[in-house]
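Chain by chain, the residues run as shown.
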Amino acid sequence: MKQALNPIILSTLVVLICVSCNGINSNNSANRCYDGLLPMEVDDVNDFYDAPIYYYVDQKTGQEVINDSDFVYADYFADDRALVQTDDERLFFINSKGEEVFELPYDQIEGYNMSFNGGNPKEITGFSEGIAFVNKRDYPDSYLTAIDIDGNELFSLKNYELGTLFHEGIALVAENRNPDTYFIINKKGEIVLKIDYEVQSHHNRGLICVKDDEASLYGAIDYKGNIVIPFEYTEPFMFDRNDMAIVSHKDGSGYRIINKKNESNLYDYRAISPDGE
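What you see is a predicted model; the values in this text were computed from it and never measured.

A. Region of the structure containing the overall build of the protein. Scanning the protein from N- to C-terminus turns up 1 helix and 20 strands. Counting across all 277 residues of the protein, residues that qualify as buried make up 46%. Summing over all exposed atoms, the protein offers an accessible surface of approximately 14000 Å²; the carbon and sulfur share of this is 46%.

In structure tokens form, the structure reads like this:
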């Protein structure tokens, strides 16, 4: 029997999931925490496919909003769209009313496996800033294809893979043959910058945390490739909504909090924990 979760529990889940959005290549969740509806797995299973059944609840009230017993996979909402899969082998996006918006053909999706667990999340992403990505195949090549919320193709990049979804007007991509080298693209699919350092985190607040391999230290560049935070920290970092970041300095003095000008009044802490704001 299925039960709607307590709203307090749901709110906690949202916080935990949003915190987990960090990390390069977590494409389905990065930078796009949610539109107020959460997918929940039901105790029941689809008898024929032995797969879980999903439905959506309102994160504030805990009440069921979209209840379709055919969903054997359901992704999070963003830009009023969520990817779902049904037991009749259909893959499509719905809106927050539960209405089908457009379908994705399996035979065009690179590397998608029919395991009824959502397939490979790197091959189909959710939306961010009105754009999602699908890896389409045309052997021996693959095409990283951007689509809008109505399923219209915007552009394709031959033999590229996705690093991050669109955020602050840009996304990160990498060539299939050289996946450790990232490029910044704009919403026209144009490559505007090759990043000459090892990318360590999602781009955020106008900056990208990168690593200088030779010095084995971390700093940050802006979206034009300028070094904004010098390579003097021993761990990767990200700036929060207050434009502050927790860093560990190479001099061994401990942790400190810096702003985007690399200024800090706090030194020599053994550890600093963010408060969530």
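So much for the structure itself; the text now carries on.
B. Just the sheet that holds strand 15 (residues 198-199), in detail. Strand order in this open sheet of 4 strands is 15-16-17-18, and the pairing throughout is antiparallel. The open sheet is flanked by strand 15 and strand 18 (227-233), the only strands paired with a single partner. Examined bridge by bridge, strand 17 (residues 217-222) and strand 18 share 3 bridges and lie antiparallel to one another. Bridging across to strand 18, I221 finds its partner in I227.

C. View of unusual backbone geometry. Positive phi outside glycine occurs at E129, with the angle close to 55 degrees. Tracing the sequence through the fold places E129 in the loop between strand 7 (100-104) and strand 8 (132-138). Residue class for E129 comes out partly exposed when judged on its relative accessible area of 33%. The backbone of N159 shows a phi angle near 60 degrees, a positive value even though the residue is not glycine. Relative to the elements of secondary structure, N159 occurs in the loop between strand 10 (153-158) and strand 11 (160-167).

D. Structural detail: the sheet that holds strand 10. Read from one edge to the other, the open sheet built from 3 strands follows the order 8-9-10, with strand pairing classed as antiparallel. Each having just a single partner strand, strand 8 and strand 10 make up the two edges of the open sheet. Taking each pair of neighbouring strands and ignoring which way they run, the sheet shows an average axis angle of 30 degrees. Two elements, strand 9 (residues 141-147) and strand 10, share 5 bridges in a ladder whose sense is antiparallel. Looking at the pairing, L144 lines up with L157 of strand 10.

E. Spatial organisation of empty space enclosed by the protein. Scanning all chains against the criterion turns up 2 cavities of 30 Å³ or more. Size it by volume and the largest cavity reaches roughly 60 Å³. Per-element tally for the lining of the largest cavity: the top contributor is strand 16 (residues 207-212), with 3 residues. Looking at side-chain class alone, the lining of the largest cavity contains 7 nonpolar, 3 polar and no charged residues.

F. Broad picture of the pattern of salt bridges. Summed over the entire model, instances satisfying the criterion amount to 11 salt bridges. A salt bridge links E153 to K136; its shortest N-O distance comes to 2.5 Å. Here the residue E153 occupies a position in strand 10, and K136 occupies one in strand 8, the gap between them amounting to 17 residues. The partner of R177 in a salt bridge is E175, with the nearest N and O atoms 3.5 Å apart. Among the charged side chains, a salt-bridge network with shared partners connects D80, R81 and D150.

G. Focus on the environment of E103. By secondary structure assignment, the location of E103 is in strand 7. Separated by 13 residues in the primary sequence, E103 and R90 place their C-alpha atoms 7.4 Å from one another. Non-local contacts of E103, meaning those with residues more than four positions away in its chain, are made with R90, L91 and F92. At 3.4 Å, the side chain of E103 forms a polar contact with the side chain of R90.

H. View of the packing of aromatic side chains. If you walk through the whole model with that rule in mind, you get 10 aromatic pairs. Ring geometry for Y56 against F77: centres 4.9 Å apart, planes inclined by 65 degrees, an arrangement best described as edge-to-face. Remark: F77 occurs in the loop between strand 4 (71-74) and strand 5 (82-86) and Y56 occurs in strand 2 (residues 51-58); sequence separation between them is 21 residues. Exposure remark for Y56: the relative accessible area of 0% places this residue in the buried category. Residue classification places F77 among the buried positions, given a relative accessible area of 1%. With a centroid separation of 6.0 Å and 85 degrees between ring planes, the pair formed by F237 and F239 is classed as edge-to-face. Pair check on accessibility: F237 and F239 agree, each one buried. Aromatic rings pair up to connect F93, F102 and F127 into one cluster.

The rules behind these values
- Residues numbered from 1 in each chain as written.
- Predicted model: local features only at pLDDT ≥ 70, side-chain atom pairs only at ≥ 80, totals over all residues.
- Heavy atoms only, no water.
- Helix = DSSP H or I, 4+ residues; strand = E, 2+ residues; numbered from the N terminus.
- Buried < 20%, exposed > 50% of the residue type's maximum accessible area, 1.4 Å probe, protein only.
- Areas by Shrake-Rupley, 256 points an atom, 1.4 Å probe, with all protein chains shown as cover.
- Pairing = 2+ DSSP bridges.
- Axes fitted to C-alpha atoms, helices over the stretch in contact; angles between N-to-C directions.
- 1 Å grid on protein atoms, 1.4 Å probe; cavity = no way out; pocket = protein on both sides within 12 Å on 5 of 7 lines; lining within 4 Å.
- Points joined across faces, edges and corners; volume = space filled by probe spheres on them.
- Nonpolar A, V, L, I, M, F, W, Y, C, P; charged D, E, K, R; others polar.
- Salt bridge = Lys/Arg side-chain N within 4 Å of Asp/Glu carboxyl O.
- Contact = heavy atoms within 4.5 Å.
- Polar contact = N/O pair within 3.5 Å; in protein donor to acceptor, adjacent residues only side chain to side chain.
- Phe/Tyr/Trp six-rings, centres within 6.5 Å; stacked < 30°, edge-to-face > 60°.

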